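# Geometric and topological summary
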Amino acid sequence: MGQSDKLLAVISVLEGRGFPKRPRHKIIVEAKFDGELLATDPVSHAEAFDVNQELAWELDRKALQQHRLQRSSIKIQCYAYDKHTTMKESVGYVVLDLRSASSKKQIPKWYPLLNSKYHKTKAEIKMSLYLDEDSVGKTNTEMVQTPKATFSGKNLDMNSLIPVLDEDGGFYQIGPSTTCTEKFVISVTIAYAGNLSHLIPSTTQISSTRGFFFYYSLLGNDVTNEPFFDLVHPNFPAERASVKVRSSVDALRSFLSHQPGLQIHLCTGDQSLGNCDIPLGALLKKESTEIFMRPVTIEGSFTLIPANKSKQQVAALPSNNHPCVGASIVLRKEDLAMKSPTRENLYSTVVTSETTSGDIKKEAPEQKQKLDVEVENTIKESKNHDSVNKGHENYSDESFEENSKEPVADNVNCAKTHSQEQSQPQQGGPQKTLVPPQAHHFTFSIDLRSIRDNHSTNVINVFLRYMYPFFGSAAPILTHPPMEIRKGSEVLLPQSFCAFDFACTVQQLQDTFIKVPLIVEVWHRDRHLSQDVLIGSARLPLSSVISLDRTRMMSSTGVTGWRQETSDRVAVMSANRSQGRCADISVVLSLEDWGPITSASNVQNRTPQQQSIVSGAAGHHQMQPPAKSDGVGASSPRGSSEYQAAVELELWKEEKEKEFEKQLKTKEAAYMKALAEEWKKRDTEREVLTQKKLTEYKQMEDQLRKTLTDLEKREKKLLLNEQEVMKLRADLQREHDRKLEEIREASRRMKEDCDHQIELQKMKSKEFEEMIERYKKEVADGLKKYRALENEFATYKEQQMKTPEVRLQSELNLLNMEKIELERKLDTATKSKLHYKQQWGRALREVAMLKQKEQEVAKAHLVRQQQELEQMRLRYMAAEEKEIVSKESKELEEIKQQINKLKQMEEERLRNTSDSNPLPSVRDAYGKSLNMGLDSSVDEHITRLLEERDTLLRTGVYTTQDKIIAELDRQIREAIGCRDA
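Under the annotation held in an unreviewed UniProt entry, the chain carries the name C2 domain-containing protein and is attributed to Elysia crispata.

### Details of the overall build of the chain
Assigned secondary structure in the chain consists of 12 helices and 39 strands. Looking at the 981 residues of the chain, the share that counts as buried comes to 32%. Sequence-distant contacts, at least 24 apart, represent 69% of the contacts inside the chain between residues at least 6 apart. Carbon and sulfur atoms provide 54% of the accessible area of the chain, an area that totals close to 64100 Å².

### Description of the sheet that holds strand β18 (residues 262-268)
Hydrogen bonds along the backbone pair up the strands of a sheet, which may run parallel or antiparallel. Taken together, the five strands give an open sheet; going across it, the order is β16-β15-β18-β19-β21, and neighbouring strands pair in antiparallel fashion. Where the open sheet ends on each side, the last strands, each with one partner, are β16 (221-224) and β21 (305-306). Bridge count between strand β15 (residues 213-218) and β16: four bridges; the pairing is antiparallel. Looking at β16, one finds that tyrosine 216 is bridged to valine 223.

### Here's the deal with the packing of aromatic side chains
Applying the stated criterion across every chain yields a total of 19 aromatic pairs. Ring geometry for tyrosine 468 and phenylalanine 470: centres 6.3 Å apart, planes at 80 degrees, overall edge-to-face. For tyrosine 468, a relative accessible area of 5% gives the class buried. Here phenylalanine 470 falls in the partly exposed class, since its relative accessible area comes to 23%. Considering the side-chain rings of tyrosine 468 and phenylalanine 471, the 4.8 Å spacing of their centres and the 40 degrees angle between planes classify their relative orientation as tilted. Joined through ring pairs, the aromatic side chains of Phe442, Phe444, Tyr468, Phe470, Phe471, Phe500, Phe502 and Phe513 make up one cluster. Residue placement shows arginine 17 over the ring face of tryptophan 110; its charged tip is 3.9 Å from the ring centre. Geometry around tryptophan 679 places arginine 686 over its ring, the cationic atom sitting 4.7 Å from the centre.

### Quick look at the pattern of salt bridges
Following the criterion strictly, the structure yields 39 salt bridges and no others. For glutamate 89, the salt bridge goes to lysine 117, with nearest N and O atoms at 2.3 Å. With glutamate 89 in strand β7 (residues 88-97) and lysine 117 in the loop between β8 (109-112) and β9 (124-133), this residue pair connects regions lying 28 residues apart in the sequence. Aspartate 97 is paired through a salt bridge with arginine 99; the nearest N and O atoms lie 2.9 Å apart.

### Topic: helix α7 (residues 506-515)
Listed as buried for α7 are Leu509, Thr512 and Phe513. Mapping the buried residues of α7 onto a view down its axis gives an arc of 95 degrees, with all of them on the same face. For α7, exposure combined with an orientation more than 90 degrees from the buried face picks out Ile514 and Lys515. Residues of α7 that are buried in the fold lie against β25 (440-453), β30 (497-504), α8 (543-546) and β35 (581-596).

Cut-offs used in this document
Residues numbered from 1 in each chain as written. Predicted model: local features only at pLDDT ≥ 70, side-chain atom pairs only at ≥ 80, totals over all residues. Heavy atoms only, no water. Helix = DSSP H or I, 4+ residues; strand = E, 2+ residues; numbered from the N terminus. Buried < 20%, exposed > 50% of the residue type's maximum accessible area, 1.4 Å probe, protein only. Contact = heavy atoms within 4.5 Å. Areas by Shrake-Rupley, 256 points an atom, 1.4 Å probe, with all protein chains shown as cover. Pairing = 2+ DSSP bridges. Phe/Tyr/Trp six-rings, centres within 6.5 Å; stacked < 30°, edge-to-face > 60°. Lys NZ or Arg CZ within 6 Å of the ring centre and 35° of its normal. Salt bridge = Lys/Arg side-chain N within 4 Å of Asp/Glu carboxyl O. Arc of directions from axis to C-beta.

This is the structure in structure tokens:
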């Protein structure tokens, strides 16, 4: 046979799609043809995977022609291969007809898997079948014919491409150790992240006490970075994980091309919020020599896909709102040095010292690089913040300050409480004014809490403005920043609390509050016109505070006063009088009366806080003794030592009070700072959640608008169809009327024809009746002739039956029938024998199985009996211990009864002894009366009781809380009391 007659039947397996993701499994495609089984290399079991391998069989043209005549087909089987248990399970197959193969290379097609295990998805494989001439007389070495992959002309077993840790050398071996001897370093760095708040639902809290962290797996090793607690501004140090690999460039390229991408997960606890997939095949491109000159890198910002969303849903977000993570993957030869990062390269990896073993290690920055890392992290954080807020208009505080620059407006701090305002140090020289004799020290606070919009149709940015010169400040008070508000919604006003300290008489306060109301103006800050627009104003009746009930209160310095407080909703009247009421303001007013001012005659205004405070009301004056006059100083009480001591004591008390107040102010400042930081953090979280919800609402609005557009198109289409239907109905009606008229005319003609045909048929019927009568007579004559002939035939048959040949023929027929019946019974017996033989074999197998099951059941029963014996032994030991305890308790009860009997006997003996033989009174040398016999018996009784109590306690059975021990203690106390008496 010539070499030109040899052919190759080639199946090109390119890729797959519609498969579920199974990390533990690999996909293997096998095909069997002409008695030879070929398979592809294992690839990752992902939703979509690339195979890009060919399976080829050698055959000649005669064999090909024979296969085509036999309509031979090739079955391509798809298996899921478990990496841990090495088990293969069939997931489906594809059948290709060899007759469809031609010498021209066909366009690959998608073939669905038949008998697929994955019912929820439509699993498909892209393949093509073609014929190729083998002019050399052997198969092409570049085609895959065995379960070994081809890499640049060298066959490497895929099992050798599994990373194996060499603990002595401190590296992972990939490929044969004899040929793969080059050393490489693979490094992964996570540098920054942004827009992470879009990974969680709007109803979930952004901050977490458990913290957030990034997780990925590098060559089977789990790596996590330092946890952080803020998704809005994620701040974490950039960490690099490195691992040494010993391999060759070709083997490493094949290994990376067959590996799934590096998945980086954002986690909190054991829950994954989102992940991104970084393909590793791009590190070493085909026929690329870059690895020998410089490290190859994959770096950039990768989009994180939320766990509960798809890529299409994430793509619907604006490009600047995509959650992302900045990562870098570097592959280099070990003998190539890496450049240290510079401050200009903000997204470069943080270079740290390399690991010396194959295990994954987190590397902290070196001491000399701390400054660079801190600067880099700061810049990254600012970039992340800009990326989150990009595209949203933020009204700057500078423009707010420019519009509100009035003489003393910056000196008013409306965000602090009254205690904070009193704790602020005074700046500048005090301006003293004369205070009326009956002036009181008042504190009036205004809290504009919220505003509800009832009129506007668009979103407006509102802030409130008011001024009341009576409080000692001519500068306007403003709430800032402006807040967005919609019709029917209510928003809280930030920086809306302000308190004023001033002094005046009660009558002056009442007259001013009754005559001069407080006007609060509502303004809209228009960003397009760059100016403020007056929306309306509200009148706050300050006189309502005066008529309320007063409650007593005490300040931090111990001064008592009276408070009157009210809260109400005030209507805002539109600047356009025709519109009337346009909004409501929730306001809280409070008036505090600290009593008359008697210790000073002037009022000192605190310029920084724009408040008026009575000097001397909260301060202390240092008292100095007057200069001594001639002849009077000696007799003055101010010159006495007692007076000087009292003055020093007062000065010391004043100094300690100032120190205490200073400590309180320091603590207050620290608490307020912590509260401000927490408020800022939560305000940022609320802003992010609001922006996120607005984005979601915008997407829903776009979807709804698209749906409405589709509905309008459908409605127009339905309208056109309805018009077309009406037109068709009219045409059909005209056609129906025309057809009906034609049918009526045709019916009339047919009726006339039918009448004529009926007349003709009646005439023919008469003729047929006459013919029937004639034929009946002929049939009767024929019957008579038939009966006569039948009788003659019966006579002839009887004569023939009496001959011997007929009898022999009948016997032969009977024997043939018996033979057939016996053959049938023989076949039935043969089949029954075969059936019984099969049943006997099945019975033997069942007996063997039953015997094995009996043995297993006997073993299990033996184990269960051993367990029951062990339990019974334990119960028996417990019962013995319980019996011993009960015996000991009985013995102790008997001891207790004996003690009680001894006690009664002792009491009776003592009673008899004291009644019958009273002991004589003996006096010692010091004149004391002693009863020696009684004291010695009582001491012996006490000693005996003490010994019994100690003996019972030493047994360990009784404690000091038991009744018998308590009874012995009581008897000991009574005996001691009797002895003392």
